[in-house]
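A closer look at the structure
This is what each chain is made of:
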Amino acid sequence: MAADKARLYMEQSLPELQELRKKKVFTEKEISDVVKKRHQFELRVNAPSCNAQDYIRYLEFEINLDQLRKKRIKRLGVKLNRNASSGQRRIFFIMDRATQKFYGDQMLWMQYIEYARKERAGKILNKALMNVLRLHPTEPQFWIFAASCAIEDNMDIAGGRSYLQRGLKFNKTSRVLWVEYTKLEMVFVAKVLSRRALLGIDGLTVDGYGVGEEDGEGNIKLPQISAEDIDPSLKRDHSLDTAALEDVGTNPTLNGAIALAIFDSAVREIPDDVKFAEDFFSVFAQFGHLRCAVKILEHVIAYSREIAPTAPQTLSMCVKLPLIGVDPSEPIFPSRLRAVISEMAEAVETASVKAPLYASFIKSMVGIATLQEVGSDICKVATSMALKYFRRAEEQGEITPEIYLYFAELCGKSNINGIDITGTLERGVSKYPNHDRLRVLASHARPLTGAV
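The shown structure was predicted, so the numbers you read here are calculated from the model rather than taken from an experiment.

**Let's talk about the nonpolar core**
Grouped together as the largest cluster of nonpolar side chains are 88 residues, with contacts concentrated most on Met95, Ile113, Trp178, Phe280, Phe284 and Leu290. Both of domain 1 (1-75 + 86-116) and domain 2 (137-201 + 238-308) provide at least three residues apiece to this core. Once residues lying within four places of it in the same chain are set aside, the contact partners of Met95 are Leu59, Ile63, Gln111, Tyr112 and Tyr115.

Here it is as structure tokens:
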């Protein structure tokens, strides 16, 4: 039975191979090797003992072969008939067989939909997404991927919102889905305000609306100004155009009402979790230049203070708040930096656990000290504060490997005299001998000497 199926599939690929040999894309020997390899894979995947890894290895071979075929066709400048250019169709056919046989294997499904997206095969991608969401409705990663495709590929924010809302019906306690849904709504607000600025409705610039931290793989990206922002006729989802013409002062959506409602719903489903609240805070902080950001951030802090007033996450949010949305080149930056330093001094006295608070503050100070836009005075203050709390963390035994890494980053990018980098990092290695990155930094460090 397996041999019959393998023979059938091999016969279907003969016209393609004959054309490739005729146009001299592949040599006779290469064609023979391809036939032999395909026959081996077909026998393996049609055998009763087949597993998902067999299909994955088969797909790797076909994808590499297709890439080689495309490169040679481009180099030779030949034109093939439809049968000889069916490499992509063959790959999708194998993927379809694999996911039908091993429908519970999430890695296979992810490879399928990622390849379809990469190849811009819209119909196949939509079909694959529909099937995987039907079979795996309790897997948040697929709902997020579907929303990402809708927003980034089709400019369809409404479609992305629908995917995440449906995903939350099946996964009410999924932290990542709640956070990504919030991010989508903040992206929508940022896009609308950017559109208003481009249309000249508001006297705002769009520089701040694209600022944010780098996303992880598969996550919804932060907004960027693109062609459709400048030319609304390119937009498929016209909800931005409608919202952009509304009054910001009276529109609850543009004032963060939806984001706040999502946060309140999320913490009802996952209550009394300050780390979850901190995840929301990190998302909202990426949109610090929006006019509604401060109100939303203060709401998150108020909730965190209510459930865990002395937790390091709560205090860290309080410390970060004054600098969120403030550019280092703005005149108000030094006064905000003083407020952060003052807030940190108070937070340390009340923190139940100090190590995460030290790590967060030192990371922020190192980030400021190594910025090229800041003046020398601000750089000195930030460096001084980072070293001060680094020493305090070591003295109190509230040190973590990350704090040592931030210290190494500061010393590597700033000219600091009188600091024994090697000795300090060796102390870190003695405390955390299994931390690979710390060991590497300690082995490459060179002692710096000078006036203290």
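On we go.
**So, empty space enclosed by the protein**
Throughout the structure, instances matching the rule amount to 3 cavities of 30 Å³ or more. Looking at the largest cavity, the residues that line it are Glu16, Leu20, Phe26, Arg38, Glu62, Leu65, Asp66, Arg69, Gly87 and Arg90. Elements that contribute at least two residues to the lining of the largest cavity include exactly helix 2 (14-22), helix 4 (52-76) and helix 5 (87-101). In terms of residues, the lining of the largest cavity owes the most to one element, helix 4, which gives 4 residues. For the lining of the largest cavity, the residue count by class is 3 nonpolar, 1 polar and 6 charged.

**With respect to unusual backbone geometry**
Phi is positive for Lys24, which is not a glycine, with a value near 60°. Judged by relative accessible area, which is 67%, Lys24 ranks as exposed. Even without being glycine, Met155 reaches a positive phi, approximately 55°. Examined against the element boundaries, Met155 turns out to sit in the loop between helix 8 (140-152) and helix 9 (157-170). Exposure remark for Met155: the relative accessible area of 25% places this residue in the partly exposed category.

**A closer look at the side chain of Thr400**
Mapped onto the elements, Thr400 comes out in the loop between helix 19 (376-396) and helix 20 (401-413). What makes Thr400 buried here is its relative accessible area of 17%. Beyond its immediate stretch of four places on either side in the chain, Thr400 contacts Ala355, Ala359 and Tyr432.

**Some points on the side chain of His136**
Within the secondary structure, His136 sits in the loop between helix 7 (122-135) and helix 8. Assessed through its relative accessible area of 10%, His136 is described here as buried. Apart from the residues within four sequence positions on either side, His136 is in contact with Tyr103, Gly104, Gln106, Trp109, Phe142 and Trp143.

**Some thoughts on the confidence of the model for the protein chain**
Overall, the predicted model of the protein chain reaches an average pLDDT of 85, with 86% of residues at or above 70. A low-confidence stretch, residues 203-214 stays under pLDDT 50, and its non-local contacts, those more than four residues away or across chains, total 21 contacts. Across residues 222-236, confidence stays below pLDDT 50; counting only partners more than four residues off in sequence or on other chains, it has 37 contacts.

**Some details on the packing of aromatic side chains**
For the structure on display, the rule yields 15 aromatic pairs. With a centroid separation of 6.1 Å and 70° between ring planes, the pair formed by Tyr55 and Phe102 is classed as edge-to-face. Remark: Phe102 occurs in the loop between helix 5 and helix 6 (106-118) and Tyr55 occurs in helix 4; sequence separation between them is 47 residues. Taking the centre distance of 6.2 Å and the plane angle of 20° together, the rings of Trp109 and Tyr112 count as stacked. Linking Trp109 with Tyr112, this pair stays in helix 6, spanning 3 residues, or about one helical turn. Given a relative accessible area of 6%, Tyr112 falls into the buried group. Among the aromatic side chains, those forming a connected cluster through ring pairs are Phe263, Phe276, Phe280, Phe284 and Tyr303. The ring of Phe145 has Arg117 sitting right over it, with the charged end atom 5.3 Å from the ring centre. Lying over the aromatic face of Phe188, Arg161 brings its terminal NZ or CZ to 5.2 Å of the ring centre.

**Observations regarding the pattern of salt bridges**
Using the criterion set out here, one finds 21 salt bridges in the structure. Across the salt bridge formed by Asp66 and Arg69, the nearest N and O atoms sit 2.6 Å from each other. One end of the pair is Asp66 and the other is Arg69, both in helix 4 and 3 residues apart, which spans about a single turn. Assigned by exposure class, Asp66 and Arg69 land together as buried.

**With respect to helix 13 (residues 257-269)**
Compared with an ideal rise of 1.5 Å per residue, which puts 13 residues at 18 Å, helix 13 spans 19 Å between its outermost C-alpha atoms and is within 8% of the ideal. Here helix 13 has its buried residues at Ala259, Leu260, Ile262, Phe263, Ala266 and Val267. Down the axis of helix 13, the buried set is contained in an arc of 160°. They therefore lie on one face. Of the surrounding secondary structure, the elements contacted by the buried residues of helix 13 are helix 10 (175-199), helix 14 (274-285) and helix 15 (293-307).

**Observations concerning the packing of helix 3 (residues 28-45) against helix 4**
Two packed helices can be described by the angle between their axes and the distance between those axes. Their axes nearest at 10 Å, the elements helix 3 and helix 4 cross at an angle of 155°. Classified by the angle between their axes, helix 3 and helix 4 sit roughly antiparallel to one another. Helix-helix and strand crossings are classified by hand; for helix 3 and helix 4 the assignment is left-handed. Across from Glu30, Val34, Lys37, Arg38, Phe41, Glu42, Arg44 and Val45 in helix 3, the residues of helix 4 making contact are Asp54, Tyr55, Arg57, Tyr58, Phe61, Glu62, Leu65 and Arg72.

**Focus: the packing of helix 21 (residues 421-431) against helix 22 (residues 436-444)**
It is at 9 Å that the axes of helix 21 and helix 22 come closest, and there the two elements cross at 150°. Judged on the interaxial angle alone, helix 22 and helix 21 are roughly antiparallel. Helix 21 and helix 22 meet at a crossing whose hand is left-handed. Residue-level inspection shows Leu425, Glu426, Gly428 and Val429 of helix 21 in contact with helix 22, the latter providing Leu438, Arg439, Leu441 and Ala442. For the contact of helix 21 with helix 22, the per-class residue count stands at 5 nonpolar, 1 polar and 2 charged.

**Some details on the environment of Ala442**
Tracing the backbone shows Ala442 in helix 22. You can call Ala442 buried: its relative accessible area is 10%. Each C-alpha atom of the pair Ala442 and Leu425 lies 5.1 Å from the other, and the pair is 17 residues apart in sequence. Here Ala442 is in contact with Leu425, Glu426 and Val429, once residues within four sequence places are set aside.

So, how was this worked out
Residues numbered from 1 in each chain as written. Predicted model: local features only at pLDDT ≥ 70, side-chain atom pairs only at ≥ 80, totals over all residues. Heavy atoms only, no water. Core = buried A, V, L, I, M, F, W, Y, C linked by side-chain atoms within 4.5 Å. Buried < 20%, exposed > 50% of the residue type's maximum accessible area, 1.4 Å probe, protein only. Domains from an automatic or database assignment. Contact = heavy atoms within 4.5 Å. 1 Å grid on protein atoms, 1.4 Å probe; cavity = no way out; pocket = protein on both sides within 12 Å on 5 of 7 lines; lining within 4 Å. Points joined across faces, edges and corners; volume = space filled by probe spheres on them. Helix = DSSP H or I, 4+ residues; strand = E, 2+ residues; numbered from the N terminus. Nonpolar A, V, L, I, M, F, W, Y, C, P; charged D, E, K, R; others polar. pLDDT = per-residue confidence, 0-100. Phe/Tyr/Trp six-rings, centres within 6.5 Å; stacked < 30°, edge-to-face > 60°. Lys NZ or Arg CZ within 6 Å of the ring centre and 35° of its normal. Salt bridge = Lys/Arg side-chain N within 4 Å of Asp/Glu carboxyl O. Expected span 1.5 Å × (residues − 1). Arc of directions from axis to C-beta. Axes fitted to C-alpha atoms, helices over the stretch in contact; angles between N-to-C directions. Parallel < 35°, antiparallel > 145°, perpendicular 65-115°, else oblique. Left-handed = near helix turned anticlockwise from the far one by under 90°.

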